[in-house]
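Chain by chain, the residues run as shown.
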Amino acid sequence: MTKAEHLDSVRSWVVWAASLGAYLIAVTQRTSFGVAGLEATDRFDATASILATFSVVQLVVYAGLQIPVGILVDRWGPRAMITGGAALMMVGQFLLAMADSVASGLVGRFFVGAGDAMTFVSVIRLLPIWFSGYRIPMLTQVTGMIGQLGQLLSLIPFVALLHLWSWTPAFLSLAALSMVGFALALVLVSNGPRTDEEPPARVKARTLLAEAWREPGTRLGFWTHFTTQFTTNVFLLTWGYPFLVSGQGISPAVASGLLSIFVVVAMVAGPLLGAAVARYPHRRSAIAFNIIGMIALTWLVVILWPGRAPIWMLVILIVCVASGGPASMIGFDFVRTFNPAHVIGTATGIVNVGGFLAALVTVYVVGWLLDIQQRAAGAGAELYSLDAFRWALSFQFVMMLGGIIGMVVTRNKARRAMALRGEYTPRSQRRQGNTPGNR
Ligand SMILES: N[C@@H](Cc1c[nH]cn1)C(=O)NCC(=O)O
């Protein structure tokens, strides 16, 4: 098969569907512990902070492994990484199924986080190997979008099994599900035909990392992912629920309903953004800036609202914050179009650190700001009061500002580099009426 013949072929769709299945299963493994919080509290006799440690360990492992994983994707190819990731998640869920102490549970969660970290970057790396042109940004979005459905597998059948069969059999079924991901990747995923651009296996990790990082387009992708995605993670993973229930006085049932808007928005906004990026590749950062602007504006309105915000305003806020997840996929599109094929895995890993790193910092600082306000207010003061949330959540603006500065600086650098190479930039089009390229 020549290079062009395998692109967009039936085989391409089979490889994509199998890798997407493996990613959806990884998202199920990722989100399974979160929905088993009450059972975990009983099983491990754990406090709230011990329970939070399980999530933090998983997030730190996930974010910390993105760059090594990206480098290994470029060295070994996506197939080995997806199968290896599924195997690690299988081991992790098996350990968790058997765990009866916090320490053994944490080891299980460590393996799940590590296997999960190996999956997404590898699946995204397969797209430019197997597809061409406008399909790639569209499939990037659809991959992210369908993967989020893994949350529903945790929320519905896994929770049902947990209540029906109890802890050990429910987590063993998750281990079995990972075997399905493993088999899918082993049998159906392929790294594609070898190309001249593949690096010799002995290229040093440091060299790959330096090459990917030197490219301003990679850093633009990092800052784009950083700025668009972190508010989504902060809301979904930690502070959204207590803000809605304790800060805004919403009932727990309505708050859970509001959180499910995140899945709906991912389903709707993903394809829309994919189509917009495919059609206007030279307007990608403008699209991301608009979404960041909407997130910042709606947070500002809710934070400055006198008293509790009305429910319709909270819905608008959640729709805008939720669109940050799909918008963050624009970061991976920058990677694809600015980097040579042999560093795309490494550069994708770098970009995927952005949103998770920003979320970790923000989750921690918001918690710290809530604590110090309670201490300053004296004994008996409420930890989760609306006023305390107003100040604490305002820290998000600091992170957004930092991210926007990063995006502007790297976008200008990327455009300067393109102009030096004589390539199309939006500015050069305004001056000369050039034809758009794909950057
Ligand atoms: N931005 C997310 C994926 C996404 C797509 N639509 C909504 N969320 C992301 O970066 N994901 C990485 C992963 O490992 O899932």
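All values derive from a computational prediction rather than experimental measurement.

Engineer: I keep staring at the overall build of the protein chain and nothing clicks. Help me out?
Structural biologist: From N to C terminus, the protein chain includes 21 helices and zero strands. Taken over the C-alpha trace, the protein chain has a radius of gyration of 22 Å; the compact-globule value for 439 residues is 22 Å, and the two agree within 12%. Each of the three principal axes of the protein chain carries a C-alpha extent, and together these read 65 × 50 × 35 Å. By the burial criterion, 48% of the 439 residues in the protein chain qualify as buried.

Engineer: Could you clarify how one ought to interpret the nonpolar core in this entry?
Structural biologist: The tendency in soluble globular proteins is for nonpolar side chains to be buried as a group. Among the nonpolar cores identified, the biggest contains 119 residues, and A22, V69 and A185 are the most heavily contacted of them. When residues in this core are grouped by element, the largest group, eleven residues, is from helix α11 (residues 216–247). Residues contacting A22, with those up to four places away along its chain left out, are I82, A86, T119, G181, L184 and A185.

Engineer: Looking at this structure, how should I read the site of the ligand?
Structural biologist: Lining the immediate environment of the ligand, one finds 14 residues, of which F120, G144, A266, G325 and S328 sit closest. Mapped onto the shell around the ligand, the elements with two or more residues apiece are α7 (135–147), α13 (261–279), α16 (324–328) and α18 (344–377). Residues belonging to the shell around the ligand are distributed by class as follows: five nonpolar, nine polar and no charged.

Engineer: Before we go on, may I ask you to explain unusual backbone geometry in this structure?
Structural biologist: Across residues other than glycine, the phi torsion is negative in most instances, and most of the peptide bonds are trans. The backbone of D8 shows a phi angle near 60°, a positive value even though the residue is not glycine. Even without being glycine, S166 reaches a positive phi, approximately 80°. Tracing the chain through its elements places S166 in the loop between α8 (150–165) and α9 (167–188). Here S166 falls in the exposed class, since 12 other C-beta atoms lie within 10 Å of it.

Engineer: Any chance you could explain the environment of V245 here in plain terms?
Structural biologist: Mapped onto the elements of the fold, V245 is located in helix α11. Separated by ten residues in sequence, V245 and A255 have C-alpha atoms that sit 6.6 Å apart. In this structure, V245 is in contact with I250, P252 and A255, ignoring residues within four places of it in sequence.

Engineer: Explain the packing of helix α10 (residues 205–214) against α18 to me, please; I cannot follow it from the model alone.
Structural biologist: Packed helix pairs are specified by the crossing angle of their axes together with the interaxial distance, meaning the distance between the axes. At a closest axis distance of 9 Å, the pairing of α10 and α18 adopts a crossing angle of 65°. With respect to each other, α10 and α18 are oriented roughly perpendicular. In the packing of α10 onto α18, the handedness of the crossing is right-handed. Of the residues in α18, those in contact with L208, L209, A212 and W213 of α10 are T346, A347 and I350. Partitioning the contact of α10 with α18 into residue classes produces six nonpolar, one polar and no charged.

Engineer: Help me understand α7 in this model?
Structural biologist: An α-helical turn contains 3.6 residues, so any two residues separated by three or four positions project in the same direction. An ideal rise of 1.5 Å per residue puts 18 Å on 13 residues; α7 measures up with 18 Å between its terminal C-alpha atoms. Among the residues of α7, those classed as buried are I136, P137, M138, L139, T140, Q141, T143, G144, M145 and G147. The elements touched by buried residues of α7 are α1 (10–32), α6 (120–130), α8, α13, α16 and α17 (330–338).

Engineer: Looking at this structure, I do not really get the packing of α13 against helix α15 (residues 311–322). What am I missing?
Structural biologist: Contact pair α13 / α15: the axes reach a minimum separation of 9 Å and the direction vectors enclose 50°. Of the possible angle classes, the one that applies to α13 and α15 is oblique. Classified by chirality, the crossing of α15 by α13 is right-handed. When α13 is examined against α15, the residues I261, F262, V265 and A266 are found in contact with a partner set consisting of V315, I318, V319 and A322.

Engineer: Quick question: what am I supposed to make of the environment of G345 here?
Structural biologist: Assignment of secondary structure puts G345 in helix α18. Distance from G345 to L126, taken between C-alpha atoms, is 9.3 Å for residues 219 residues apart in sequence. If near-sequence neighbours (up to four positions away) are discounted, G345 is found in contact with G70, V73, D74, V121 and R125.

Engineer: Please clarify how the confidence of the model for the protein chain should be interpreted in this entry.
Structural biologist: Caution applies to low-pLDDT parts of the model: their predicted coordinates are not meant to be read in detail. Overall, the predicted model of the protein chain reaches an average pLDDT of 90, with 93% of residues at or above 70. Taken together, the stretch residues 433–439 has pLDDT below 50 and engages in 18 contacts with residues farther than four places along the chain or on a different chain. The complex model carries a pTM of 0.87, and its ipTM stands at 0.95.

Engineer: What's the story with α8 in this structure? I'm lost.
Structural biologist: When the local axis directions of α8 are compared, the greatest deviation, roughly 35°, occurs at F158. Among the residues making up α8, those that are buried are G150, Q151, S154, F158 and L162. Phi for S166, located one or two positions after α8, is positive at around 80°.

Procedures and definitions
Residues numbered from 1 in each chain as written. Predicted model: local features only at pLDDT ≥ 70, side-chain atom pairs only at ≥ 80, totals over all residues. Helix = DSSP H or I, 4+ residues; strand = E, 2+ residues; numbered from the N terminus. Rg over C-alpha atoms; globule rule 2.2 N^0.38 Å. Buried ≥ 20, exposed ≤ 12 C-beta atoms within 10 Å, placed from the backbone. Core = buried A, V, L, I, M, F, W, Y, C linked by C-beta atoms within 7 Å. Contact = placed C-beta atoms within 7 Å. Near = placed C-beta within 6 Å. Nonpolar A, V, L, I, M, F, W, Y, C, P; charged D, E, K, R; others polar. Axes fitted to C-alpha atoms, helices over the stretch in contact; angles between N-to-C directions. Parallel < 35°, antiparallel > 145°, perpendicular 65-115°, else oblique. Left-handed = near helix turned anticlockwise from the far one by under 90°. Expected span 1.5 Å × (residues − 1). pLDDT = per-residue confidence, 0-100. Bend = angle between axes of the 7 residues up to and from the residue.

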